[in-house]
Amino acid sequence: MALSRETYNYRDGRVGIAIDSSPEYGSPAIWPSVGEYPIYDPYLYYAMSNDTVRNDAFRAALLPACPGRRVLDIGTGENVHWALEAARQGAQSVVALEAMPRSHAVATKRLAQAPEREKVDLRYGVSFDHDLDPRADVCVAELIGSFASSEGMLAAMADAHARLLNPGAVVVPAACDTLVAPVSLRDLFPAGLAFSSDALPYLRQIFDFNGGPFDLRLTVVNPDPGCVLSSGGVVEQLRFDRAEPLDATTEVELRIERAGRVDGLLCWIRLDAGPGADTTIDSLLDKTNWTPAYLPLFDESLDVCEGDVVTVSFERRTSPDGVHPDYLVDATLTRSLGVVSGSFVSCYRGRSFGTAAVYRELFSS
Ligand SMILES: C[S@@+](CC[C@H](N)C(=O)[O-])C[C@H]1O[C@@H](n2cnc3c(N)ncnc32)[C@H](O)[C@@H]1O
């Protein structure tokens, strides 16, 4: 790990960003959570289009549902990936929606060269702004992030079920859980906390989108699955064949299974693409483009023993854009040494900066 500092300039000042300037391929790395922002580029689409674990599961769930049906692909991306697969598998017609202008423009060129182009109606804009007549029988929407809900899947599906889909429509993916478990970020990065230099362009784009720096959501690429100190507690259990509540609070109790240190929660997904896909995808255990997120709880890494308990209250609250959630976490660690409380608010957009020690290490103003 080679640590350095980069500067991000914004209207009222500058922020120093700790960077690992020579990240080692396959080692743990810190990235911002990118999927919930309109910053998709060829690299991110490449990672998804070449994610065989994800694609095998989605294909197995989607393709049997397609023949003779009307299919809606929400967020088709620049590769028009699922819309073309559905057309190839005999869908009667496919409507593909894409929110980002650049991605839509590339998708338009790709589609023009595809043999299935006559079957696919590619439209620009967010699903909330489109009507569909007749409604679709099948919906594929890969709007799943580090958390099951973080890319706006719940708002998109609630709207789609109300206006765009027939009753009983097949939705791929069918369901997704978010799990959390105690971890020490500092033990994952003993040489110091720093963003992977590959992540720097995305970090800047998220700050630009937000109108300045803030404590954006962190993810850990390539964490050792053994780094968590308890089994995962389920804080979101979402099904997409119906509208789910946008806002919800869940309480879980996590029993520490071995001695170690804790400064926050690792959060990951378990995704069920649908009938036909024989396994669920676990973003902590499986090599996929989905990376676990990290939510800080305590400013220092606290020693814990087997049998200690972390009680977590996990709240999902829709942010002011009405689509993407913020997450509010309150935790109590009960140890033989005493009880310690910690909390964190992970915002989609915001002004909070340096609210937890990990952010003060990653950024300097
Ligand atoms: C995670 S990518 C998935 C891309 C592609 N479907 C795939 O599976 O490889 C999500 C895509 O959906 C788009 N998007 C997100 N929310 C959307 C919405 N409500 N309506 C239309 N497009 C959306 C994003 O711009 C992005 O291109």
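Along every chain, residues carry numbers that run from 1 in the direction the sequence is written. Per-residue local features of the predicted model are confined to residues with pLDDT of at least 70, and side-chain atom pairs are confined, for both listing and counting, to 80 or more; whole-chain, interface and lining totals are unaffected and use all residues. The basis for every side-chain value is the complete set of non-hydrogen atoms in the structure, without hydrogens or water.

Per an unreviewed UniProt entry, the protein is named Protein arginine N-methyltransferase 1, and its organism is Micromonospora echinofusca.

> I'd like to hear about the sheet that holds strand β19 (residues 309-318), residue by residue, with values.
What links the strands of a sheet is backbone hydrogen bonding, and the strands pair in either a parallel or an antiparallel sense. DSSP calls a pair of strands paired once it identifies at least 2 bridges connecting them. The helix count covers DSSP runs of H or I at least four residues long, the strand count covers runs of E at least two residues long, and both are numbered beginning at the N terminus. Across the sheet, which stays open at both edges, the four strands sit in the order β13-β19-β20-β21 with antiparallel pairing between neighbours. Since the sheet does not close on itself, it has two edges, and those belong to β13 (248-255) and β21 (338-346), each with one partner. Strand after strand, the sheet turns through a mean of 15° between neighbouring axes, direction not considered. The sheet contact formed by β13 and β19 spans eight bridges and is antiparallel. When the sheet's bridge partners are listed, leucine 254 is paired in β19 with valine 310. As a rule, the C-alpha atoms of each element are fitted with a line to give its axis, helices using only the stretch in contact, and angles between N-to-C directions run from 0 to 180 degrees.

> I'd like a description of the sheet that holds strand β5 (residues 93-98), backed by residues and values.
If you trace the five strands from one edge of the open sheet to the other, you get β6-β5-β4-β7-β8, paired in parallel fashion. Lying at the two open borders of the sheet, with one neighbouring strand each, are β6 (120-124) and β8 (165-172). Within the sheet, the average angular offset between the axes of one strand and its neighbour, ignoring direction, is 20°. Here four bridges tie strand β7 (residues 136-141) to β8, and the two strands are oriented parallel to one another. The partner of valine 140 across the bridge, within β8, is valine 172. Those strands touched by helix α5 (residues 153-163) are β4 (70-74), β7 and β8, and its axis lies near 145° from that of β8. It only takes one pair of heavy atoms within 4.5 Å for two residues to be counted as in contact.

> So what about the pattern of salt bridges? Which residues, and what values?
Any Lys or Arg side-chain nitrogen located within 4 Å of an Asp or Glu carboxyl oxygen qualifies as a salt bridge. This structure, assessed with the given rule, holds 19 salt bridges. Close ionic contact of arginine 261 with aspartate 187 constitutes a salt bridge, the shortest N to O distance being 2.7 Å. You can see arginine 261 sitting in strand β14 (residues 260-262) and its partner aspartate 187 sitting in helix α6 (residues 185-188), a full 74 residues away along the chain. Burial here depends on accessible area, computed with a 1.4 Å probe over protein chains only, as a share of the maximum for the residue type. Under 20% is buried, over 50% is exposed, and the range in between is partly exposed. In this structure arginine 261 comes out as partly exposed when scored by relative accessible area, which is 31%.

> Pulling in residues and values, what's your account of empty space enclosed by the protein?
The method works on a 1 Å grid over the protein atoms by themselves. A cavity is a set of points holding a 1.4 Å probe that cannot get out, a pocket is an open set with protein on both sides within 12 Å along at least five of seven lines, and residues with an atom within 4 Å of a point line them. Grid points are joined across faces, edges and corners, and a volume is the space filled by probe spheres set on the points. Under the criterion given, the structure shown has one cavity of 30 Å³ or more. Estimates place the volume of the largest cavity at around 30 Å³. Lining the largest cavity, in full, are Ser149, Leu154, Ala155, Leu246, Thr318, Val323 and Pro325. In terms of residue class, the lining of the largest cavity is made up of five nonpolar, two polar and no charged. Segmentation into domains, and thus their bounds, comes from an automatic or database assignment. Both domains that furnish three or more residues to the lining of the largest cavity are identified here as domain 1 (3-33 + 176-364) and domain 2 (42-174). Throughout, the ten residues Ala, Val, Leu, Ile, Met, Phe, Trp, Tyr, Cys and Pro are labelled nonpolar, Asp, Glu, Lys and Arg are labelled charged, and all others, Gly among them, are labelled polar.

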